[in-house]
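Each chain, written out:
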Amino acid sequence: MPSLRDSRASFLILFLLSFASGLLPGILHGEENKKAEQETVLNEEDMLLCVIRLAGATLDGNLVTFTAPQGLFLPLGEISHSLEMGITVDPPGKRASGHVTTPSQTFMLDMGASSIRVSGKSFRYDPSLVVALSDDIYVESGLLAEWFSMRIDANRLDAAVDIRPFEPLPIQQRMARSQRGANTWGYGSFNDPGYPFLDAPYRLLGGPSIDISLSTALTGEGFDTISLGNNRYYTRITGDILWMSGRLDLSGEIAGSGGSIVGLDNANLILERVSPSGGILGPLDARKVAIGDIQPETLPLIGSSIGPGIMISSYPLNQSSFFDKLTLTGFLANGWDVELFSNGNLLDYRPSNTTESYAFVDIPLIYGLNELRLIFHGPQGERRVETNIYNVGRNMIEPGSWNYQVTATNAAQRSLLASPVTATAPLLTWKSTLGITKWLTTSNYFASALIGEERQNFVGAGLSGYLKMVQLDLQMARNLATSKWGRQAGIQSRFGPLTLSVLLQDYDPGWQTTTSTISFLRRWDIRLDGLHPFPFFRNSRLAIAAAQTEYDETKKSKSATIINSNRTWGVDHTHNVTFERTTDGVTESDALSGSSYASLTRRNFSLRAEIQYELMPERIINNVAASCDLRLPHELLLVNNIAYSPASKVLRTSVGLNRTSGAFALGVTGNYATDGAWNFGLQVSTNLSREPVSGTWKTDGNLSSQQAGVSANAYLDANRNRKRDAEEQEIRDVGFFVNQQSHKTTTGSNGIAFLQGLAPNIPTDIAISPSTLTDILWIPAEKGVRVVPRPGYPVPVTFPVWITGEVSGTSFRRKEGIESPASGITIEAVDKTGKVIAKARSEYDGVYILGSLPTGECTIRVSPEQAEKLRITAPFKEVSIPSEGSTIDNIDLIMEEIPVESEKEDPENDGVKLPIDSDKKATPEPDNGK
């Protein structure tokens with residue numbers, strides 16, 4: 001029988017269970033009420049349109065968010081979509097799952113349990129910070145930042161959400177590759193911004209630009225013999241003359257031994273007319289015509305023209321490095337993108353697309369070796385590389401293209417202004433090249449020269465081609481007077497990092513060119529580049545060259561050369577060693593020689609050293625030299641040189657101090673040798689260039705007459721006729737971009753900037769730097785111009801600047817008679833033709849600003865496309881900006897909601913109700929509100 005104590009214990013337990021069972025429903029009901037009280041309610045009045053930015057790059061301008069006391073609530077699904085994350089949102093089920101940046105970073109949200117699991121780790125969160133609506137799950141920005149492990153700055157005042165990951169996301173890497181692809185200079189040698197071409201006609205007289213250099217010296221041997229050394233001058237004059245571009249070089253002695261005040265030792269003169277696009281001499285379609293001391297190309301096996309004369313050429317001025325184009329296509333999986341590199345340089349980019357394919361059309365192949373790499377990037381950071389190699393010769397041109405060059409010179413005269421050495425010796429040459437196919441190019445040559453007392457004619461032909469990894473070049477020439485032949489064959493290929501080149505030259509005995517006699521009969525040259533003999537030295541390169549030369553039946557030579565280039569601790573050094581064995585009948589002789597060169601460069605310091613030596617047949621150091629340049633304050637440059645010749649046992653040293661600043665360059669040099677000879681010299685240089693618009697002269701210590709220039713004139717084009725009128729004012733302190741790089745020169749008080757140091761005879765893009773315009777209402781009338789500048793004559797280019805206006809106001813949203821600021825609204829400015837000329841986005845307080853608007857009448861309106869999306873009216877207002885420019889404020893636009901109609905009746909179908917056409921836009925009515 002149970003005891004009294006057990007009975008009491010049982011009764012107590014029963015009482016507690018009954019009490020607990022009675023309170024439990026109340027407790028549970030209270031928890032539910034508490035949970036209900038914690039839920040956050042997001043209303044339409046709390047909606048805020050924001051712009052979402054990733055590391056400063058705008059991803060979306062119409063992100064729907066909600067404001068609440070807890071903070072700004074962001075849509076999880078929309079954010080994931082914008083960041084290209086693999087998260088799927090189920091708002092009715094109050095769940096979300098997927099991955100964050102990579103598949104290993106799993107993501108699972110369960111709102112019912114108020115739990116979140118990221119990368120295998122589970123967390124609980126405050127339920128009031130996550131709200132499920134019909135379209136998405138909205139998460140407070142701070143909590144979302146914790147889930148995604150990134151910084152999210154939600155600025156309600158700016159209506160912006162800035163996301164800054166701690167590590168780059170795959171979308172950021174893709175955007176960076178896309179940006180690099182967009183910034184490449186395309187398939188050409190530069191990025192064509194599409195500026196209009198400005199013709200620069202040649203003038204009867206234009207320029208000039210003059211370089212002048214004067215030097216004098218004291219020399220002596222010991223202190224017993226001191227004399228005044230040579231006083232010399234050098235000058236170069238460039239500019240337009242006789243509707244051509246001229247260059248005159250003169251040098252000589254001042255007060256020399258001949259008794260003349262100014263002597264003339266050397267003189268060269270050339271007049272030329274160039275056009276990168278051709279068209280010179282009408283049907284001849286020449287790119288260059290030159291008269292005087294011309295410098296034509298060499299003809300293979302035949303030689304080159306020498307002496308003054310005339311040349312007509314249709315070859316590109318700067319031989320184009322492009323001759324062929326090919327296309328690469330293939331499969332591109334969803335979410336992947338691909339970059340194209342040519343010889344290590346980024347050439348182009350293709351993003352992911354719906355066709356799941358890529359196509360790089362008309363890729364150019366540069367002369368020489370072309371390594372084309374396709375680098376594929378996956379959506380989660382995957383990487384795959386494909387490599388293609390093509391080999392192209394420099395003597396190949398585009399299929400169907402034909403270039404020619406013809407010269408006529410006097411080989412008996414060294415230069416145009418020099419006295420003939422012998423009687424007149426006309427020398428004629430011809431060269432032409434024809435592209436047969438993209439794999440084959442042919443050439444032909446002709447020359448007629450007076451060799452000795454006999455006129456000799458040469459003819460020749462060439463064939464060049466390539467196929468994948470191998471490029472072949474064949475040349476043959478015949479002397480019609482002697483019936484002798486010259487032959488040449490070359491082959492080049494590449495195997496991985498190695499490049500192999502082989503060249504054979506073969507001549508009949510006594511073969512002569514237009515300038516000399518070939519001293520050998522046959523020669524082989526073989527070279528192998530790209531070796532890496534020391535894997536632990538990443539910056540070490542090795543090349544091996546071998547040659548065999550046959551001078552006649554008994555005399556031959558063989559040689560081998562090793563070239564090693566390195567970079568060690570910031571020092572670049574190169575070493576060459578050559579072994580040569582010469583056989584003359586039964587006699588053999590060996591020679592082993594070499595040289596080493598090292599260079600160290602720092603910001604204000606550079607050091608160079610060189611040694612030349614022989615090891616066979618005797619061990620001899622031929623020369624040891626070193627030099628040091630040190631930049632000092634006040635634009636001073638200290639130059640030191642030292643050299644020692646063991647053969648003469650003479651040590652020579654020199655110290656120079658140079659300063660180039662302002663109008664002149666001044667140099668002082670002292671030299672001393674251990675044999676007692678010494679020298680002290682003084683040199684001064686300057687450049688004088690004439691600016692053609694104002695007629696003023698500019699002096700500069702840099703000798704720049706061979707460089708081109710532009711006279712850029714910026715003015716305020718009040719009537720917008722793009723012509724400089726007398727009453728229109730100049731603009732000072734305006735800067736310019738030259739080939740997309742900022743130039744140091746700005747306009748002076750006359751509105752002119754003398755842009756010097758430009759590359760001559762090639763297209764150059766010039767544009768105003770908008771940030772240098774002092775008035776924010778001023779903008780350049782044109783994006784820029786393209787011009788071909790030339791030496792000596794700065795091409796005048798005018799840059800009109802237009803006055804603009806600015807319009808600002810506030811966008812309001814009217815609901816039930818109450819107006820409130822509307823953020824995130826796209827406001828447009830439309831001209832009379834209906835063209836949208838400017839866009840802006842309203843800020844948190846509804847304020848918008850439209851800048852750089854042209855003067856005159858325009859319409860300010862809400863974007864019809866956005867208004868249709870938000871189902872609001874698209875009000876507009878007419879404004880007029882005066883010709884002197886103005887800032888117009890308080891152009892407010894009031895939007896009203898369009899009632900939602902789910903259906904409408906079709907009167908032609910007996911009252912059958914049809915859906916409303918959502919693409920049909922209502923005609924906007926003028927806003928008569930604020």
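Residue numbers run consecutively from 1 along every chain, following the written order of its sequence. Reporting in this predicted model follows two pLDDT cut-offs: at least 70 for local features of residues, and 80 or more for side-chain atom pairs to be given and counted; totals over whole chains, interfaces and linings ignore these cut-offs and use all residues. Only hydrogens and water are set aside when side-chain values are computed; all heavy atoms of the structure are taken into account.

- As recorded in an unreviewed UniProt entry, the protein goes by Cna B domain protein and comes from Chlorobium phaeobacteroides.

Remarks on the pairing of strand S16 (residues 244-253)
Thought 1: Direction of pairing for strand S15 (residues 232-241) relative to S16: antiparallel, over a ladder of ten bridges. What sits directly across from Asp240, in S16, is Ser245.
Thought 2: When DSSP locates at least two bridges between a pair of strands, those strands are taken to pair. We count a stretch as a helix when DSSP gives it H or I for four or more residues in a row; a strand needs E for two or more, and each element gets its number in order from the N terminus. Two successive antiparallel strands, S15 and S16, enclose a turn made up of two residues, where Leu242 displays a positive phi of approximately 55°.
Thought 3: The pairing of S16 with strand S17 (residues 266-274) spans seven bridges and is classified as antiparallel. When the sheet's bridge partners are listed, Ser245 is paired in S17 with Glu272.

Digging into the nonpolar core
Thought 1: Residue types Ala, Val, Leu, Ile, Met, Phe, Trp, Tyr and Cys, when buried and joined through side-chain atoms within 4.5 Å, form a set referred to as a nonpolar core. Residue exposure (1.4 Å probe, protein chains only): buried if accessible area is under 20% of the type maximum, exposed if over 50%, otherwise partly exposed. Of all hydrophobic cores here, the largest spans 36 residues; its most connected members are Ile79, Phe107, Leu109, Leu144, Trp147, Phe148 and Ile163.
Thought 2: The biggest single contributor to this core is helix H3 (residues 141-148), with five residues.
Thought 3: Note on contacts: a residue pair qualifies if any of its non-hydrogen atoms lie within 4.5 Å across the two residues. When neighbours within four sequence positions are excluded, Trp147 is seen to be in contact with Phe107, Leu109, Ile116, Val118, Tyr125, Val130 and Val139.
Thought 4: Counting 24 residues, the second largest nonpolar core, distinct from the first, contains Phe736, Leu758, Val801 and Ile803.

Quick word on unusual backbone geometry
Thought 1: A cis amide bond, omega 0°, links Gly207 with the succeeding residue Pro208.
Thought 2: Mapped onto the fold, Pro208 is located in strand S13 (residues 205-221).
Thought 3: Here the bond from Met616 into Pro617 is cis, since omega is 0°, no more than 30 degrees from zero.
Thought 4: Considering the arrangement of structural elements, one finds Pro617 in the loop between strand S38 (605-616) and strand S39 (620-632).
Thought 5: Positive phi is not limited to glycine here, since Glu84 has a value of about 55°.
Thought 6: Mapped onto the elements of the fold, Glu84 is located in the loop between helix H2 (76-82) and strand S4 (86-90).
Thought 7: In this structure Glu84 comes out as partly exposed when scored by relative accessible area, which is 44%.
Thought 8: Within the chain, Asn761 stands out as a residue other than glycine whose phi angle is a positive 65°.
Thought 9: Looking at where Asn761 falls in the secondary structure, it is placed in the loop between strand S48 (752-758) and strand S49 (764-768).
Thought 10: By relative accessible area, Asn761 is classed as buried at 15%.

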